[in-house]
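Chain and residue survey
Here is what each chain is made of, one letter per residue.
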Amino acid sequence: MYTCGPTVYDFAHIGNFRTFVFQDVLRRFLQSRKYRVLQVMNLTDVDDRIIQKAAAAGVSIREYTEKYVQAFLQDMDALHLEVPEELVRATDHIEDMVGLIERLQKKGLTYSSEGSIYYSIAKFPHYGRLSKIDLAGMKTGVRVDVDQYEKENARDFALWKAPKPGEHFWETRIGPGRPGWHIECSAMAMKYLGDTLDIHTGGVDLAFPHHENEIAQSEAATGHPFVRLWLHAEHLIIDGEKMSKSYGNTILLTDPEPVVRQKLKTMVTDPARVRRSDPGNPDVCPVGDLHKIFSDRATMDKVNAGCRSAGIGCIECKSWAADALVQLLNPMQERRKKFEENPRLAWDILEAGSEQARKVAAETMNDVRDAMGMSLAYEPLAGEDGR
Ligand SMILES: [Zn+2]
């Protein structure tokens, strides 16, 4: 199983972690069904934003991304997520990407322009099949340099980008430059999992263009199907919008309580919507959406009853939602703090692979099992039987 991991240019927010919780539940389910799981997750530590930000800060890519890699590992642990068997960095796999681009070059699927190498999607007849994108109006040879481009707009994309002044680049057989984002995942997925993977997961916004491009690169190079099963996680929705850095509505796992409260207070900002367009109907109240995500059953019942009788205003509603979220985040933040006191621990777990990881995983599994009331149906887990 391959999972598109975080781009480590900033802290991941709880919306990002929705996707990682989803893939964690999936791997736990497969293990509980006695499948052997080999999961590869990449850390995208080279992309447009990272290169620019590292250059602006005057530090190497490794230095710039290290803080965010550590924070990601700590957050994963705070959420009790299992560490994938292989957690791999793009910058450690430049050679594999160059090799894959050379294979595509040999098959005549690429062209060069001003030092960059592009994939000609017109030469891959299956392009667009996963995301069902309409290619009717597509012009051949129209290309794009940026990693993340307009939705619904198919373009030839960059496999390799010419260096820009002042920015980091690699000297390679295909020339100086750096890999495009899409080739990272194709190269790393196939290196560890072979030409055909059983499962590929990611956020729903990655289906196009990222995963479409991964398919085009991998299948054209190998002649084999790339992925048997694609599974995409939906976004975390807040007030009708996805939680996203670009919308400014993110909550971090490390946000202290007052920050969470303040963010929630200001998050539902449209006064017309806050006034509750349809009194008595909690289903159309944007704050009601927050309760659906974060509140327990009893609080939701209270809020809904108050809303129907118009006895509760949205301010009170919001403060209850903030309480619920803070309650949810507090234990995770505590756990994260413990790890901050001993920052080596996350790496030790990764490197040793081993007892500590198994213990954490077993604890996590037992927690999940207890929480989900599955104790009768399941056999003892690793850790309980002395393994
Ligand atoms: Zn990816």
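Residues numbered from 1 in each chain as written. Predicted model: local features only at pLDDT ≥ 70, side-chain atom pairs only at ≥ 80, totals over all residues. Heavy atoms only, no water.

Focus: the pattern of salt bridges
This structure, assessed with the given rule, holds 24 salt bridges. The salt bridge partner of E85 is R27, with a shortest N-O separation of 2.9 Å. A residue pair is termed long-range when its members are at least 10 positions apart, and E85 in the loop between α3 (61-78) and β3 (86-89) and R27 in helix α1 (residues 14-32) qualify at 58 residues. Note that R62 and D92 form a salt bridge whose closest N and O atoms lie 3.0 Å from each other. Taken together, the positions of R62 in helix α3 and D92 in the loop between β3 and α4 (94-106) put the pair 30 residues apart, joining distant regions of the chain. Three or more residues joined by partner-sharing salt bridges are found here, namely D24, R27, R28, E82 and E85. (Salt bridge = Lys/Arg side-chain N within 4 Å of Asp/Glu carboxyl O. Helix = DSSP H or I, 4+ residues; strand = E, 2+ residues; numbered from the N terminus.)

Observations regarding the sheet that holds strand β1 (residues 2-3)
Across the sheet, five strands lie side by side as β3-β2-β1-β10-β11; this open sheet has parallel pairing. Lying at the two open borders of the sheet, with one neighbouring strand each, are β3 and β11 (227-233). Bridge count for β1 against strand β2 (residues 40-43) is two bridges, and the pairing is parallel. The residue of β2 that forms the bridge with Y2 is V40. Along the sheet, α3 makes contact with β2 and β3, crossing β3 at roughly 160°. (Pairing = 2+ DSSP bridges. Contact = heavy atoms within 4.5 Å. Axes fitted to C-alpha atoms, helices over the stretch in contact; angles between N-to-C directions.)

Here's the deal with the coordination of the zinc ion
Tetrahedral coordination by four donors sets the ideal angle at the metal to 109.5 degrees; octahedral coordination by six donors sets it to 90 or 180 degrees. Only C4 (SG), C185 (SG) and H210 (NE2) from the protein reach the zinc ion as donors, at distances of 2.1 to 2.2 Å. The sequence pattern formed by the donor residues of the zinc ion is C-x180-C-x24-H. Taken as a pair, C185 in helix α5 (residues 181-193) and H210 in helix α6 (residues 207-222) lie far apart in primary sequence, 25 residues in all. (Donors = N, O, S within 2.8 Å, 3.2 Å for Na, K, Ca; no water.)

A word on the environment of K337
Along the chain, K337 turns up in helix α11 (residues 314-341). According to the relative accessible area criterion, K337 is partly exposed, its value standing at 43%. Considered as a pair, K337 and T254 are 83 residues apart in the sequence and their alpha carbons are 8.9 Å apart. (Buried < 20%, exposed > 50% of the residue type's maximum accessible area, 1.4 Å probe, protein only.)

Geometry only, nothing functional implied.
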